[in-house]
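Descriptive analysis of the structure
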Amino acid sequence: MTPDITAFFDEATNTISYLLRDPESTACAVIDSVLDFDYASGRTDTRSADAIVAFIRENQLTLEWVLETHVHADHLSAAPYIQQELGGKIGIGDRITVVQHTFGKVFNEGTQFQRDGSQFDQLFAEGDTFQIGALTGRVLHTPGHTPACLTYVIGDAAFVGDTLFMPDFGTARCDFPGGSAADLFDSVQKILSLPDDTRIFVGHDYMAPGREEYAWETTVGAQKALNIHVGAGRSRADFVALREARDATLAMPRLIIPSLQVNMRAGRMPEPDDNGISYLKVPLNGL
Ligand SMILES: [Fe+2]
């Protein structure tokens, strides 16, 4: 089972969105879409999402799933916009409820903000399966970067979100609320237990020093041998020390405050005020 995969790179947030198609039918899925957002003006734009929508229309595909690997902290999700254009079910990990509780508190959300994941159409747990035409997707719960992170294994492809990055960049930070370097190490072992020739598609690429092009596709075998954080048999204790030391030096992602408020609502904006405009909050010294 070899799905056809098309990548869409968003240079503003270094995010890769994927369109996955079943070669035997018209069925397809979108993974980790981006809603463009200009923080200074508070304006959203659907340019990036429209490129994916146009691709699906041009190829006369049927969108079955709009999947999220996790609640992203660095870009807004375009899942509701894509769903409104093309249909499909929005899916995320069932531990989203933990993330909603955490950030519901940080943003002092009222009771109208449901913390039960009901904003999503499908909540996936470890081992769940789903269909994209004739392809079967399988869900791995891979926490660490966030408590709700998933890896979607579809045919010979694994969409790992922000667990592993390209081998020369390593792994994702684990210092957001609910993150855990030890959990990330265990999740990575789960991914690395897939067959060596499994194709790995990463959620971001930051063009590691020495490279001149962005890259997003690698394999389990390459990660095991070469990943600068977890490759060559690095121990759990060594990894945790390395990850935590590095995380202590990292600034917050530029769009974390808007991203969390929108993405914990499945990519929808907060309820508009009585003037019809949605507002985002900035918790002063609260994050
Ligand atoms: Fe992330």
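Our subject is the structure that appears above.
Residues numbered from 1 in each chain as written. Predicted model: local features only at pLDDT ≥ 70, side-chain atom pairs only at ≥ 80, totals over all residues.

So, the pairing of strand β9 (residues 129-132)
Our working rule: When DSSP finds at least two bridges between two strands, those strands are taken to pair. Helix and strand assignments come from DSSP, with helices taken as H or I runs of at least 4 residues and strands as E runs of at least 2, each series counted from the N terminus.
One ladder, built from 4 bridges, connects β9 with strand β10 (residues 135-141); its direction is antiparallel. Bridging across to β10, Thr129 finds its partner in Arg138. Hairpin remark: β9 followed by β10, antiparallel, with 2 residues in the connecting loop; positive phi at Gly133, about 60°.

Some details on the sheet that holds strand β7 (residues 89-93)
Under the convention used in this document: To obtain each axis, a line is fitted to C-alpha atoms, and for helices this fit is confined to the stretch in contact; angles are then taken between N-to-C directions over 0 to 180 degrees. Placing C-beta atoms from the backbone, we regard two residues as in contact once those atoms come within 7 Å.
Taken in spatial order, the 6 strands of this open sheet run β1-β2-β3-β6-β7-β8, and their pairing is mixed. Both edges of this open sheet fall to β1 (4-10) and β8 (122-124), since each of them pairs with a single strand only. Ignoring which end each strand starts from, the neighbouring axes of this sheet average 25° apart. Along the sheet, helix α2 (residues 79-86) makes contact with β3 (27-31), β6 (62-67) and β7, crossing β6 at roughly 165°.

A short note on the pairing of β1
Bridge count between β1 and strand β2 (residues 15-21): 7 bridges; the pairing is antiparallel. Counted as the bridge partner of Phe9 is Ile16 from β2. Remark: 4 residues form the turn of the hairpin made by β1 and β2, two consecutive strands paired antiparallel; Asn14 in that turn has positive phi of roughly 60°.

Quick notes on the sheet that holds strand β13 (residues 199-202)
Read from one edge of the open sheet, 6 strands run β9-β10-β11-β12-β13-β14, paired in mixed fashion. On the outer flanks of this sheet lie β9 and β14 (217-219), each paired with one strand and no other. Across the sheet, the mean angle separating the axes of adjacent strands is 30° when strand polarity is ignored. Relative to β13, strand β12 (residues 157-161) runs parallel, the two sharing 4 bridges. Counterpart to Phe159 in the pairing with β13 is Phe201.

So, helix α1 (residues 47-58)
In an α-helix, one turn spans 3.6 residues, which is why side chains three or four residues apart end up on the same side. The test is simple: One less than the number of residues in a helix, times 1.5 Å, gives the span that helix is expected to have. Whether a residue is buried, exposed or partly exposed follows from its count of other C-beta atoms within 10 Å of its own C-beta, namely 20 or more, 12 or fewer, or something in between, respectively; the C-beta atoms are built from the backbone. Starting at the helix axis, one direction is taken to each C-beta atom, and the arc is that of these directions.
For α1, built from 12 residues, the straight-helix expectation of 16 Å at 1.5 Å per residue is met to within 8% by its first-to-last C-alpha distance of 16 Å. Residues Ser48, Ala49, Ile52, Val53 and Ile56 constitute the buried set of α1. The buried residues of α1 occupy an angular sector of 135° when the element is viewed end-on, so they sit on one face. For α1, the exposed residues lying more than 90 degrees away from the buried face are Arg47, Ala54, Arg57 and Glu58. Packed against the buried residues of α1 are β1, β2, β3, β4 (36-38), β6 and α2. Two residues or fewer after α1 comes Gln60, characterised by a positive phi angle close to 50°.

With respect to the nonpolar core
Going by this rule: Only buried Ala, Val, Leu, Ile, Met, Phe, Trp, Tyr and Cys residues enter a nonpolar core, and they are joined through C-beta atoms within 7 Å.
Core analysis: the biggest nonpolar cluster contains 70 residues, and Val30 and Ile82 have the highest contact counts within it. When near neighbours in sequence (up to four residues on either side) are disregarded, Val30 contacts Ser17, Leu19, Ile52, Leu63, Val66, Leu67 and Ile82.

So, helix α3 (residues 96-106)
Taken as a whole, α3 has its buried residues at Ile96, Val99, Gln100 and Phe103. Along the axis of α3, the buried residues cluster in a sector spanning 100°; they form a single face. Where α3 is buried, its residues touch β7, β8 and α7 (256-263). Asn108, located one to two residues past α3, shows a positive phi value of around 45°.

A short note on unusual backbone geometry
For Asn14, which is not glycine, the phi dihedral falls at a positive 60°. Within the element layout of this structure, Asn14 appears in the loop between β1 and β2.

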